[in-house]
Amino acid sequence: MAENLIVSDGNKEQQYQTLLPQIESLLAGETDVIANMANIAAALKQTFNFFWVGFYRVKEDVLVLAPFQGPLACTRIRRGKGVCGTAWEEARTQVVPDVDQFPGHIACSSDSKSEIVVPVIHNDKVVAVLDIDSDTLNSFDQTDASYLESICKMLSATYPQTGHEAFLYY
């Protein structure tokens, strides 16, 4: 388990390349999904200084706020609503260069200008989403999408491998 996060001074891709093995180390052997979400959010926030980084978990028919770093956030988001609800409904990453141009955007903070939301898929179901907001326009691109999807796959692998999904709702 990593005790100190090493942050690269390089470009975005170099920063992700430095971060990925550290996240892998943080997750190694830890089966508590909430703890893993917390460490991922902290590592992403510390590495990139994004405005807001966090998770929403699927709980019955709504996304519920989970571990995050940044200012207060919306607590519950319905399926198909806003960027997070759309990522859940479509089970695919949403890259939004300007949140004001996204139909139905939910403004938890007026300081948010661009956003990326990546679904966490376990047993072919979206069980959570990773939501990252920036206070500048056009902050996210395919590089972010690719690396964040890898991180979400690592997180998904830490979910218990049971046939029962009830644990996701507590």
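Residues numbered from 1 in each chain as written. Predicted model: local features only at pLDDT ≥ 70, side-chain atom pairs only at ≥ 80, totals over all residues. Heavy atoms only, no water.

Where an unreviewed UniProt entry is consulted, the protein chain appears under the name GAF domain-containing protein, with the organism given as Parabacteroides gordonii MS-1 = DSM 23371.

Summarising the element assignment, cysteine 74 is placed in the loop between β2 (62–69) and β3 (76–78). C-alpha separation for the pair cysteine 74 and valine 64, spaced ten residues apart in sequence, amounts to 8.6 Å. The contact partners of cysteine 74, leaving out residues within four places of it in the chain, are Tyr56, Leu65, Ile106 and Cys108. (Helix = DSSP H or I, 4+ residues; strand = E, 2+ residues; numbered from the N terminus. Contact = heavy atoms within 4.5 Å.)

For the α-helix, the turn length of 3.6 residues means that residues three or four positions removed from each other point alike. Look at helix α4 (residues 142–156): 21 Å from first C-alpha to last across 15 residues, which is about the 21 Å you get at 1.5 Å a residue. Every buried residue of α4 is accounted for by Asp144, Ala145, Tyr147, Leu148, Ile151, Cys152, Met154, Leu155 and Ser156. Where α4 is buried, its residues meet α1 (12–27), α2 (33–48), β1 (52–59), β4 (94–96), β5 (114–122) and β6 (125–134). Structurally, the start of α4 carries an N-cap: the backbone nitrogen of threonine 143 is 2.9 Å from a side-chain oxygen of aspartate 141. (Expected span 1.5 Å × (residues − 1). Buried < 20%, exposed > 50% of the residue type's maximum accessible area, 1.4 Å probe, protein only. Polar contact = N/O pair within 3.5 Å; in protein donor to acceptor, adjacent residues only side chain to side chain.)

Strand direction decides the pairing type here: β1 and β2, joined by six bridges, are antiparallel. Paired with lysine 59 across the two strands is valine 62, which belongs to β2. Linkage of β1 to β2, two consecutive antiparallel strands, is achieved through a turn of two residues, within which glutamate 60 is found at a positive phi near 60°. Sheet topology places β2 next to β3; three bridges connect them, and they run antiparallel. Of the residues in β3, the one forming a bridge with valine 64 is arginine 76. (Pairing = 2+ DSSP bridges.)

One open sheet accounts for six strands, arranged β3-β2-β1-β6-β5-β4; its pairing is antiparallel. Where the open sheet ends on each side, the last strands, each with one partner, are β3 and β4. On average, adjacent strands in this sheet sit at an angle of 25° to one another, irrespective of strand direction. In this fold helix α3 (residues 82–90) packs onto β1, β2, β3, β4, β5 and β6, with an angle of close to 35° to the strand it touches most, β5. (Axes fitted to C-alpha atoms, helices over the stretch in contact; angles between N-to-C directions.)

As for its placement among the helices and strands, glutamate 13 is situated in helix α1. Not counting chain neighbours up to four residues away, the residues in contact with glutamate 13 comprise Thr143 and Tyr147. Polar side-chain contacts of glutamate 13 include one of 3.0 Å to the side chain of tyrosine 147.

Looking now at the side chain of glutamine 15. Within the element layout of this structure, glutamine 15 appears in helix α1. The residues contacting glutamine 15, other than those within four sequence positions of it, are Ser8, Gly10, Thr47 and Phe48.

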